[in-house]
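Each chain, letter by letter, is given below.
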Amino acid sequence: MTTSEEPTEVPAKIRLREIAAGAYQAAWDAKARGEKIGWCASNFPQEIPETLGVAVVYPENQAAAIAAKGGGLEACEHAEGMGYCADLCAYARINFAFADLKSSPFQDMPQPDFVLCCNNICNTMISWYENLAHELDIPMILIDVPFTTGDKAGPETITYMRTQFDEAFTQLSAITGKAFDPERFREVMAISQRTAKAWLKAAGYSRYRPSPFSGFDLFNHMAVAVCARGKIEAAEAFEALCAEFEELAAQGASGFRGEERHRILFEGIACWPHLRATYSALKDLGINVVSTVYAAAFGITYDSLDQMMEAYAHVPNSISLDRAANLRIDSGRQAGIDGAVIHTNRSCKLWSGMMPEIERRLRAALEVPTVTFDGDQADPRVFSEAQYLTRVQGLAEIMDQPTPDGKEAS
């Protein structure tokens, strides 16, 4: 007599890894069928290509993967040999090198037939994608997102962006031959909301003590929040991740491999070439990352089409200094941080340029110590492990100091 065993539930992190890999494979498969595929900026509204059933891949995701696997330096140097300045964003340099070389042993993806661009990330994106369109002789679709100086995007911004949404659908349909279906658009919007809310809920479990995960786990999972928000399997995987975090929190357990003696905000894009070094130094000191606006930036939530426009105008790099500071302060307060580590990222000058003032406000509002370190999201030459270690050791020493009531600062 034989007995059947219950199927083992696949861990959410494995499902998410498979979804991220599947996005590349879907593009290769579409290309093999003779369909046109595109390269897409990370904060371009994914609802547009998803609704039309058009496969896209994300150069920023690929550049991060190449850098994390040790290929960033070679790609950056190749781009610099082509004449691109070393002061350019390392993601852009890696992508220019890939567009020239046509393949990468670290993370391959098909060449594009069009590019989708938006500037709610930074205006470097426009020049980057214009250059791609020129060099590869392919069309570029741009959605221009005005910088939001007030509390939220005004009605004129929403109208301006909605007009561009309509035009983007028209342009992409003409390029690919795929027709717009309003019912499918509504379905994609609903799935995107389910995915985004599950992603933000998962990130929110960091409020527990101990946090059921390290913030570096979010850095690894966020690729799916970028590339697959409109896919039902992404929503289900993030919901599974929430269930896993819920169980750990109920048990008072954590996937963080160190002792959570201190809880911090990690500010900025991860140093992908040095992910292990930046994580291990914190872990060894008993410091867990429980707050980061970087990962949560891709939880785009809305309840209507107008709110969608407002949401895409409210990503971290397209809002005022006041709102940007409050995002960090609110996140740090909710997570109960004891300090902050701030990445001065050579690539992302817009993000890093406002950090001195945001750091000052964060210290004042939450009364926590902060340290900065020099690095880059993808170019390994800028980061010094010795400097980083010295800074986080100093932060740990400050957080270890007893408070007036005789307890540690945490």
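Located above this text is the structure these notes cover.
**Considerations on the side chain of arginine 229**
Then, in step 1: Mapped onto the elements of the fold, arginine 229 is located in the loop between α9 (215–227) and α10 (232–251).
Then, in step 2: Despite its burial, arginine 229 pairs with no opposite charge, the nearest such side chain being glutamate 47 at 4.8 Å.
Then, in step 3: Looking at arginine 229, its side chain comes within polar contact range of the side chain of tyrosine 312, at 2.8 Å.
Then, in step 4: When neighbours within four sequence positions are excluded, arginine 229 is seen to be in contact with Gln46, Ile191, Ser192, Thr195, Val224, Phe298, Ile300 and Tyr312.

**Some remarks on the packing of aromatic side chains**
Then, in step 1: Under the criterion given, the structure shown has 22 aromatic pairs.
Then, in step 2: Residues tryptophan 199 and phenylalanine 238 carry aromatic rings whose centres are separated by 4.9 Å and whose planes lie at 45° to one another, so their mutual orientation is tilted. In this pair, tryptophan 199 is assigned in helix α8 (residues 182–204) and phenylalanine 238 in helix α10, connecting sequence segments 39 residues apart.
Then, in step 3: Measuring from ring centre to ring centre gives 4.8 Å for phenylalanine 373 and tyrosine 388, while their planes differ by 80°; the resulting arrangement is edge-to-face. Of this pair, phenylalanine 373 sits in strand β8 (residues 370–375) while tyrosine 388 is found in helix α17 (residues 385–400), placing the two residues 15 residues apart along the sequence.
Then, in step 4: The exposure class assigned to tyrosine 388 is buried, which follows from its relative accessible area of 0%.
Then, in step 5: Taken together, Phe216, Phe219, Phe256, Phe266, Trp272, Tyr279, Tyr294, Trp351, Phe373, Phe383 and Tyr388 form an aromatic cluster joined through their ring pairs.

**So, the pattern of salt bridges**
Then, in step 1: By the definition in use, this model includes 24 salt bridges.
Then, in step 2: Its salt-bridge partner being arginine 15, residue glutamate 9 comes within 3.4 Å of it at the nearest N-O pair.
Then, in step 3: A single network of salt bridges, built from pairs that share partners, joins Glu50, Arg184, Glu187 and Lys231.

**Notes on the sheet that holds strand β5 (residues 262–267)**
Then, in step 1: Sheet architecture is open: four strands sit in the order β6-β5-β7-β8, paired in parallel fashion. Either end of the sheet is taken by a strand with one partner, and the two such strands are β6 (287–291) and β8. Between one strand and the next, the sheet's axes are offset by a mean angle of 35°, whatever the strand orientation.
Then, in step 2: Alignment of strand β7 (residues 339–345) against β8, held across six bridges, turns out to be parallel. The residue of β8 that forms the bridge with threonine 344 is aspartate 374.

**Let's talk about the sheet that holds strand β2 (residues 56–57)**
Then, in step 1: Strand order in the open sheet formed by four strands is β2-β1-β3-β4, with parallel pairing between adjacent strands. At either end of the open sheet lies a strand with only one pairing partner, and these are β2 and β4 (140–143).

**Concerning the pairing of strand β3 (residues 114–118)**
Then, in step 1: Most of β3 is tucked away: five of the five residues are buried.
Then, in step 2: Along β3, one buried face is formed by Phe114, Leu116 and Cys118 and the opposite face, lined by Val115 and Cys117, is buried too.
Then, in step 3: As defined by bridge partners, strand β1 (residues 38–40) adjoins β3 across three bridges and the pair is classed as parallel. Within β3, the residue paired with tryptophan 39 across the bridge is valine 115.
Then, in step 4: As defined by bridge partners, β3 adjoins β4 across four bridges and the pair is classed as parallel. Paired with cysteine 118 across the two strands is isoleucine 143, which belongs to β4.
Then, in step 5: Each parallel crossover has a hand, and the one from β3 via helix α6 (residues 124–136) to β4 is right-handed.

The rules behind the values
By convention here, each chain's residues receive numbers from 1 onward along its written sequence. Under the rules for a predicted model, residues below a pLDDT of 70 receive no local features and side-chain atom pairs below 80 are neither given nor counted, while totals for whole chains, interfaces and linings still include all residues. Here the side-chain values reflect all heavy atoms present in the structure, with hydrogen atoms and water set aside. Secondary structure elements follow DSSP: runs of H or I no shorter than four residues count as helices, runs of E no shorter than two count as strands, and numbering proceeds from the N terminus. Exposure classes here rest on a 1.4 Å probe applied to the protein chains alone. A residue is buried below 20% of its type maximum, exposed above 50%, and partly exposed in between. Charged residues are defined narrowly, with Lys and Arg counted positive, Asp and Glu counted negative, and His plus the chain ends left uncounted. When a carboxyl oxygen of Asp or Glu lies within 4 Å of a side-chain nitrogen of Lys or Arg, that pair is called a salt bridge. Within 3.5 Å is the distance limit for a polar contact, defined as a pair of N or O atoms, with the added protein rule that one can donate a hydrogen and the other accept it, and that residues adjacent in sequence qualify only through two side-chain atoms. The contact definition used throughout considers only heavy atoms, calling two residues in contact when any of these lie within 4.5 Å. Pairs were defined over the aromatic rings of Phe, Tyr and Trp, the Trp ring being its six-membered one, requiring ring centres within 6.5 Å. Orientation was assigned from the angle between planes: stacked under 30 degrees, edge-to-face over 60, tilted for the rest. At least two bridges found by DSSP between two strands is the condition for calling them paired. Interaxial angles span 0 to 180 degrees and are taken between N-to-C directions of axes, which are lines fitted to C-alpha atoms, for helices over the stretch in contact. Whether a crossover is right-handed comes down to one check: with the strands pointing away from the viewer, does the path from the first strand over the helix to the second run clockwise; if it does, it is right-handed.

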